[in-house]
Amino acid sequence: MSNEPRPEAVPDGYALAHEATRPVAKAAGRQGVASLVPAGIRIRRDRSGVWILNVAILIFLAFAAPNFFGLGNIEAVLNDTAILGIGAAGMTILIIAGAFDLSVTAIMGLAPIVGLTVAGNDSGLLVVLISVLTGASLGLVNGLIVTRGRVAPFVATLGTLFVFGSIGAIISKGNAITVTNDLLLQLGTGDVSNIVPYSFLILLGACGFCHILLRRLHIGRWIRAAGSNLRAAHVSGIDLRAIYVAIFVLSGALTGLAGIILTGYLASAVATQAPNYNLNTIAAVVVGGTSLSGGEGTLLGTVLASWLFAVVNNGLILLGVNSYWQYLATGIILVLALALGLLGMGGKLWPLSGRRAQRSGR
Amino acid sequence: MLGAESAASVIALIAVFVIFTLLNPRFLTSLNIKGIVVSASISTITGLGMTLIIAMRALDLSVGSIMGFSAIVAAQLLAAGLPLWLVIFLGLLIGAGLGLGNGVLIVVLGLPSFVATLATLSMILGGELLITHGETVTIHSPEFGRLVIGDVLGYIPAAALVALVVFGIVWIVFYRMSFGRHVAAIGGDIGAAIGAGINVSRITLGAFTLIGLCAALSGLMTGAELQNADSTIGAGSELTAIAVVVIGGTSLMGGRGNLFGTVCAAVLLASIKAGLNVANVSSLYEDLVFGSILIIALMVDGLRRGTRRKGMLVV
């Protein structure tokens, strides 16, 4: 992903003080599974799990379900990837900053409902705009509760999860709002030359934007600094309140966008249209190699993980397996990706070193 | 034992009772109070386990799935004709086993508890659906139901006694045994805990087994009360349980746990839910009130602490 020279191992605390410095493996040499990869290809250690699983599952599907690689099917998988990935992109930035947003499930439902209630089915563009703005303002509420109300993000957004979800149900009276607008339907199901759905292009745009934000702008360095050591970031004069409000707004806006795409895909808006979206996006972010303790993570990993979840769910359907296996598969992927990530780092699984034991807290 | 946070919970509880009684005197009927006590008892039991886990600076997201799984297995075993005591024993054993499984994932693979239990949340839910095929399993066992909603000593629902016993056990484990001190020590500063020679792996396994047991008991009680079991039992209750613990005054930062606060918060939320019902408010508004209480309670707490430590963001 980057051609700039890798610095030598640096002390942990120093890693964020310099833009060129990336969180790197302490040991310079390749260890574990990573040593099998040719020297020219560089795979970040945290992401080795998601790469291995992606390759393994695609090879398996090539033999077990050849129709997986049909054009229509790939499009469906890309669409699923996009709906999960757009929200997960915002969640990636939040988790890198050491925050969480559990309320995305509710924003996914509420934003399109507000959009459709205010603008109706006449102007698709207006509905999209209002949905994104609603998502952004809900994110603003989250951000203000966290920064001005001094509530930890986990519980603050847990509270707003209930509040936003309830407001969505109240506005829609618990019913579904039907979508007839052509632009909205196209947004959810349309594609370019039968392969790439519009939603996937939006995902690429969103992730590109987040990547630039995180890696090429000052705010990205501040975000990573906040996630890596809050107190140090505060002492060094970073305006943490502004940062947290900004990333909650960004995450809310992206979630609102994902919500209206899902609404277009389903051709109706329901307050509970994306159950478990909060936990699924967090799972995608974690499988993509972003550390829950904050400070490090990448958008590429998140996209790969979203694709992995979409492929597995789609593959299970193609194999004619009972859809209930999806839940088991999600859990197994989560454990496997993280365990493989550890092996790829050359780490051993047992016994724990002191540092690993420390990390296992949360 | 009655700290500032607990006092606040008790005052809030009294205020809620007064307000709802003024709104509608039917709030104080014995049937309504009994409903509050049963539902509060069930959420208290999971909440007590969660208090220990949060005091250890960990989280368990799989409690909802464990609740559903144990209820479903119990329903299946009852239908197969096993005696009630054996079914309850096996249901609890399964909960403890699943909790231990969480602990093993955390200790052996070194996964953060959030991720490990997120994975098992999904896996156990998948297991539930594969067993039931998404259908409801009925429980035809009045004596099982009486163990939860039956009256003891005239007025008190049996569920309250069960919750009281669990509270007593968890209280002794947490405040009077070295295990509880070690749990709090790990939550306070895991590095210092390791340095002090605490066996972090053993304590982690123990704490997760305990919450698995608590969750299974809640699940069995829910199944017994409803006289049926399906995968919706416990769905989402992991987040509710965390909310109850946090409203009860236990910080997610770990190191301390307020068991009495958790009980108060569970009773508070159950009475608000019943009160809204009696006051004829649509159930769509329930979550609105619940979420607002969570946010307001924490904002008041945060601002109170903020006056002492100005300038530092609480994240």
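See the structure printed just above.
Remember, it's a predicted structure, so these values are computed and weren't measured experimentally. (Residues numbered from 1 in each chain as written. Chains lettered and ligands numbered in written order. Predicted model: local features only at pLDDT ≥ 70, side-chain atom pairs only at ≥ 80, totals over all residues. Heavy atoms only, no water.)

Enquirer: Just to check I follow, could you spell out the nonpolar core for this structure?
Expert: Across soluble globular proteins, nonpolar side chains have a tendency to be buried as a group. If you look at the biggest cluster of nonpolar residues, it comprises 193 residues, and the most contacted ones within it are A:Phe154, A:Leu158, A:Tyr244, A:Ile282, B:Phe114, B:Leu118 and B:Ile242. The dominant element in this core, judged by the number of residues it contributes, is helix H2 (residues 71–96) of chain A, at 14 residues. Not counting chain neighbours up to four residues away, the residues in contact with A:Leu158 comprise A:Leu102, A:Pro153, B:Leu239, B:Ile242, B:Ala243 and B:Leu294. Counting residues in hydrophobic clusters, the runner-up holds eleven residues, among them B:Leu13, B:Phe20, B:Phe27 and B:Ala40. (Core = buried A, V, L, I, M, F, W, Y, C linked by side-chain atoms within 4.5 Å. Buried < 20%, exposed > 50% of the residue type's maximum accessible area, 1.4 Å probe, protein only. Helix = DSSP H or I, 4+ residues; strand = E, 2+ residues; numbered from the N terminus. Contact = heavy atoms within 4.5 Å.)

Enquirer: When you look at helix H4 (residues 84–108) of chain B in this model, what are you seeing that I'm missing?
Expert: What sets the pattern is the α-helix's 3.6 residues per turn: residues three or four places apart point alike. All names here are of chain B. Look at H4: 35 Å from first C-alpha to last across 25 residues, which is about the 36 Å you get at 1.5 Å a residue. For H4, every residue scored as buried is listed here: Leu 84, Val 87, Gly 91, Gly 95, Ala 96, Gly 99, Asn 102, Gly 103, Leu 105, Ile 106 and Val 107. At the C-terminal side of H4, Gly 110 shows a positive phi close to 70°. (Expected span 1.5 Å × (residues − 1).)

Enquirer: Would you mind going over the interface of chain B and chain A with me for this structure?
Expert: At the interface, 57 residues of chain B touch 63 residues of chain A. Our enumeration of links across chain B and chain A arrives at zero salt bridges. At the junction of chain B and chain A, the tally comes to four residue pairs in polar contact (both at pLDDT 80 or more). Of all elements in the fold, only H4, helix H5 (113–132), helix H9 (190–195), helix H11 (237–247) and helix H13 (286–306) of chain B reach the threshold of two or more residues within the side of chain B that touches chain A. If you tally residues by element for the side of chain B that touches chain A, the top one is H5(B), at 13 residues. Taken together, the residues of the side of chain B that touches chain A sort by class into 39 nonpolar, 14 polar and four charged. (Salt bridge = Lys/Arg side-chain N within 4 Å of Asp/Glu carboxyl O. Polar contact = N/O pair within 3.5 Å; in protein donor to acceptor, adjacent residues only side chain to side chain. Nonpolar A, V, L, I, M, F, W, Y, C, P; charged D, E, K, R; others polar.)

Enquirer: Can you help me understand the packing of aromatic side chains in this one?
Expert: Each aromatic ring pair is specified by the distance between its two centres and by the angle formed by the two planes. For the structure on display, the rule yields nine aromatic pairs over all chains. Aromatic pair A:Phe162 and B:Phe290: ring centres 4.6 Å apart, planes at 75°, arrangement edge-to-face. One end of the pair, A:Phe162, is in helix H5 (residues 153–171); the other, B:Phe290, is in helix H13, on a second chain. The structure contains a cluster of three or more aromatic residues connected by ring pairs, namely A:Phe100, A:Phe154 and B:Phe114. (Phe/Tyr/Trp six-rings, centres within 6.5 Å; stacked < 30°, edge-to-face > 60°.)

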